[in-house]
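Coordinate analysis (summary)
Listed below, chain by chain, are the residues.
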Amino acid sequence: MLLARLDERSLVGRAADGDLAAFEELFRRHSEAVYRLAVRLLSDRSDAEDAVQEVFVQAWKSLPGFRGESRFTTWLYRITVNRCRRVLRYRPVAAELSDLVADRRPGPAETTMWRAELAAAARALERLEPRQREVLVLRELAGCSYQQIAAICGLSHAAVRTRLHRARTDLVRMMEEPS
Amino acid sequence: MPASPESNRLPCGTPLGDIVAEVAEGRPPADPDHRAGCEHCQAARLRVERAWAGLRRLADEPITPSPDLRERVLDWVRELASAGWVSADGGDPGRTVVSTTVIAGLAARAAATVHDVAAVGARRARVDDGQVSVQVEVVARFGAPLEALAGRVRTAITADALAIAQVEVTTVDVDVVDVRD
């Protein structure tokens, strides 16, 4: 059977039993999303790649204990967020950041203003307090539901709502400030 | 940067957060009558929309990992999947086995304590027919005779594996991958 056609639950079950091909398929499906999440939490692509590596190695080790109570992505994102928290905790304060924006030529429809607004969003995101940044990135950039964010960050639904509200407002205020 | 509550309100008294929530959630204004006549609210709404557009663009930025990441991760996982077990019986009742991952970890720590070893890189341990072999990468201090250095690394690893895990390591391959001042 073609692994690419298997549903998530079956793949996860097979990988938990030690099926490497099934795990590769899970990696294929989720590694880019994990990478993007890590880049946005860490603002550094090289650190983000290391995080992806740690996350999937950790996932491989922990899969036998994954009981499918949450969605696989929620579980994977929780490992990612925890990993990124550890990286940030030990990172020197003066680290050079700002790897949030792709290094590519502007597309034809992208005006200078367009790029400036994008850059302002990236800069503001970097300045956001780390726990606020987590919920904002999960909601606005990774498209997670409130319920998923609560499970990923270990917060109540109400706490997610409050923190997200604060994060959004702070982000907008920072984008309005001259940098 | 903590925001003071005052600075989060527009001159008309409307909290900036209300307008942000509106734009972020795509909701209609809570107080449409006030909004229709309030220049502060309308100007703030435009500013927030512009800021939010920037964030949306950031979400759409194509950021992809380097092509070799996949192989790096899967190599590591393959190695974990094939990790072996070494018998570490000291003659006590009951069985003790130690994962090759543990042996590799012990080897790295032992190598790091050796004089003139500046850093330890990749390491792995294997079991073939009951024979345990270890491979370890080291960075040497510039000027240290490498043959003698490798000998000290070998001795340190076999001694620690025996003392700590009761495992007899038969081969230690030392790869000196770099030298450093």
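Throughout, residues of each chain are indexed from 1 in the direction in which the sequence is written. Key to labels: chains lettered from A, ligands numbered from 1, both in the order written. Given that this is a predicted model, residues contribute local features only at a pLDDT of at least 70 and side-chain atom pairs are listed and counted only at 80 or more, while totals for whole chains, interfaces and linings are drawn from all residues. Computation of side-chain values covers all heavy atoms of the structure but excludes hydrogens and water.

1. Quick look at the overall build of chain B
Definition in use: The helix and strand labels rest on DSSP assignments: H or I over at least four residues marks a helix, E over at least two residues marks a strand, and numbering proceeds from the N terminus. When we talk radius of gyration, it's over C-alpha atoms, and the globule rule is simply 2.2 Å times the number of residues to the 0.38. Whether a residue is buried, partly exposed or exposed follows from its accessible area with a 1.4 Å probe, protein chains only, as a fraction of its type maximum: under 20%, in between, or over 50%, in that order. Contacts between residues were defined by any pair of non-hydrogen atoms, one from each residue, lying within 4.5 Å. We get accessible surface area from the Shrake-Rupley algorithm with a probe of 1.4 Å; when it comes to residues, only the shown protein chains can shield them.
Scanning chain B from terminus to terminus reveals 6 helices and 5 strands. Listed by position from the N terminus, the elements making up chain B come as α-α-α-α-β-β-α-β-β-α-β. Against the globule reference of 16 Å for 181 residues, chain B gives a C-alpha radius of gyration of 31 Å, more extended than a compact globule. Taken along its principal axes, the extent of the C-alpha atoms in chain B is 85 × 50 × 35 Å. When each of the 181 residues of chain B is scored for burial, the buried share is 36%. A separation of at least 24 residues holds for 52% of the contacts in chain B among residues at least 6 apart in sequence. Accessible area for chain B stands at about 10,200 Å²; split by element, carbon and sulfur atoms hold 51% of it.

2. Description of unusual backbone geometry
Despite not being glycine, Ser43(A) shows a phi value in the positive range, around 55 degrees. Secondary-structure assignment places Ser43(A) in the loop between α2 (20–42) and α3 (45–62). Backbone geometry places Gln166(B), a non-glycine residue, at a positive phi of 55 degrees. As for its position among the elements, Gln166(B) is in the loop between α6 (146–165) and β5 (169–180).

3. Concerning the pairing of β5(B)
All names here are of chain B. Inclusion rule: Two strands qualify as a pair provided that DSSP identifies no fewer than 2 bridges between them. Place the viewer so that the strands point away; then a crossover is right-handed whenever the path from the first strand over the helix to the second strand goes clockwise.
In terms of strand pairing, strand β4 (residues 131–141) meets β5 through 10 bridges, oriented parallel. Along β5, the bridge assignment pairs Val138 with Val176. Handedness of the crossover joining β4 and β5 through α6: right-handed.

4. Thoughts on the sheet that holds β4(B)
All names here are of chain B. The line we're drawing: Here an angle of 0 to 180 degrees is reported between the N-to-C directions of two axes, which are lines fitted to C-alpha atoms, with helices fitted over the stretch in contact.
Across the sheet, which stays open at both edges, the 3 strands sit in the order β3-β4-β5 with mixed pairing between neighbours. At either margin of the open sheet sits one strand with a lone partner, and together these are β3 (117–128) and β5. The sheet shows a mean angle of 15 degrees between the axes of neighbouring strands, taken without regard to direction.

5. Let's talk about the nonpolar core
The line we're drawing: Nonpolar core, defined: a set of buried Ala, Val, Leu, Ile, Met, Phe, Trp, Tyr and Cys residues in which side-chain atoms within 4.5 Å join the residues together.
Counting 79 residues, the largest nonpolar core has Phe23(A), Phe56(A), Leu138(A) and Leu171(A) as the members making the most contacts within it. Looking at which element gives the most residues to this core, the answer is α2(A), with 11 residues. Aside from chain neighbours lying at most four places away, what touches Leu138(A) is Leu37(A), Tyr77(A), Val81(A), Gly143(A), Cys144(A), Ile149(A), Ile152(A) and Cys153(A). With 28 residues, the next largest nonpolar core counts Ala110(B), Ala111(B), Leu149(B) and Ala156(B) among its residues.

6. Focus on the confidence of the model for chain B
A low pLDDT means the predicted coordinates there should not be read in detail. Residues and elements named next belong to chain B. Where we set the bar: pLDDT expresses how confident the predictor is about each individual residue, on a scale running from 0 to 100.
Looking at chain B as a whole, the pLDDT averages 87, with 94% of positions reaching at least 70. Confidence, read as mean pLDDT per element, is least for strand β1 (residues 85–87) in chain B (76) and greatest for α6 (95). The complex model carries a pTM of 0.70, and its ipTM stands at 0.82.

7. Concerning helix α1 (residues 16–25) of chain B
Most of α1(B) sits out of view: 8 of its 10 residues are buried. Of the surrounding elements, those touching the buried residues of α1(B) are α6 (130–141) and α8 (157–176) of chain A together with α2 (32–37) and α3 (39–60) of chain B.

8. Structural notes on the interface of chain A and chain B
Here is the rule: Buried area: the accessible surface (1.4 Å probe) lost by two parts on joining, summed over both. Each reported salt bridge corresponds to a side-chain nitrogen of Lys or Arg within 4 Å of a carboxyl oxygen of Asp or Glu. Whenever a nitrogen or oxygen atom comes within 3.5 Å of another N or O atom, the pair is scored as a polar contact, on the condition that within protein one atom can donate a hydrogen and the other can accept it, and that pairs from neighbouring residues in sequence are kept only if both atoms are in side chains. Charged residues are taken to be Asp, Glu, Lys and Arg, nonpolar residues to be Ala, Val, Leu, Ile, Met, Phe, Trp, Tyr, Cys and Pro, and polar residues to be all remaining types, Gly included.
Taken together, the 49 residues of chain A in the interface contact 40 residues of chain B. Between chain A and chain B, the buried area comes to about 4,200 Å², and carbon and sulfur atoms account for 64% of it. Counting across the interface, chain A meets chain B through 8 salt bridges. With a closest N to O distance of 3.6 Å, Arg72(B) and Glu49(A) form a salt bridge. Counting across the interface, chain A meets chain B through 10 residue pairs in polar contact (both at pLDDT 80 or more). Sorting the residues of the side of chain A that touches chain B by element identifies α2, α3, α5 (112–127), α6 and α8 of chain A as the ones contributing at least two each. Tallied by class, the residues present in the side of chain A that touches chain B amount to 25 nonpolar, 3 polar and 21 charged.

9. A closer look at a nonpolar patch on the surface
In plain terms, the rule: A patch is a set of surface residues, each over 30% in relative accessible area and not in a salt bridge, joined within 9 Å for like charges and within 5 Å for the nonpolar side chains Val, Leu, Ile, Met, Phe, Trp and Tyr.
Nonpolar side chains collect at one region of the surface, where Phe142(B), Leu146(B), Val176(B) and Val179(B) lie side by side and expose about 350 Å² of accessible area between them. If you trace the backbone, Phe142(B) turns up in the loop between β4 and α6.

10. Considering the environment of Glu117(A)
Relative to the helices and strands, Glu117(A) is located in helix α5. Residues Glu117(A) and Met175(A), 58 residues apart in the sequence, show an inter-C-alpha distance of 8.5 Å.

11. Some words on the state of the cysteines
Operational definition: Two cysteine sulfurs form a disulfide in these notes if their separation is within 2.5 Å.
Counted under the stated rule, the structure contains 0 disulfides over all chains. Unpaired in this structure, Cys153(A) has its nearest cysteine sulfur neighbour in Cys144(A), at a distance of 8.7 Å. Judged by its relative accessible area of 9%, Cys153(A) is buried. No disulfide involves Cys38(B); its nearest neighbouring cysteine sulfur is the one of Cys12(B), lying 3.6 Å away. With a relative accessible area of 5%, Cys38(B) lands in the buried category.

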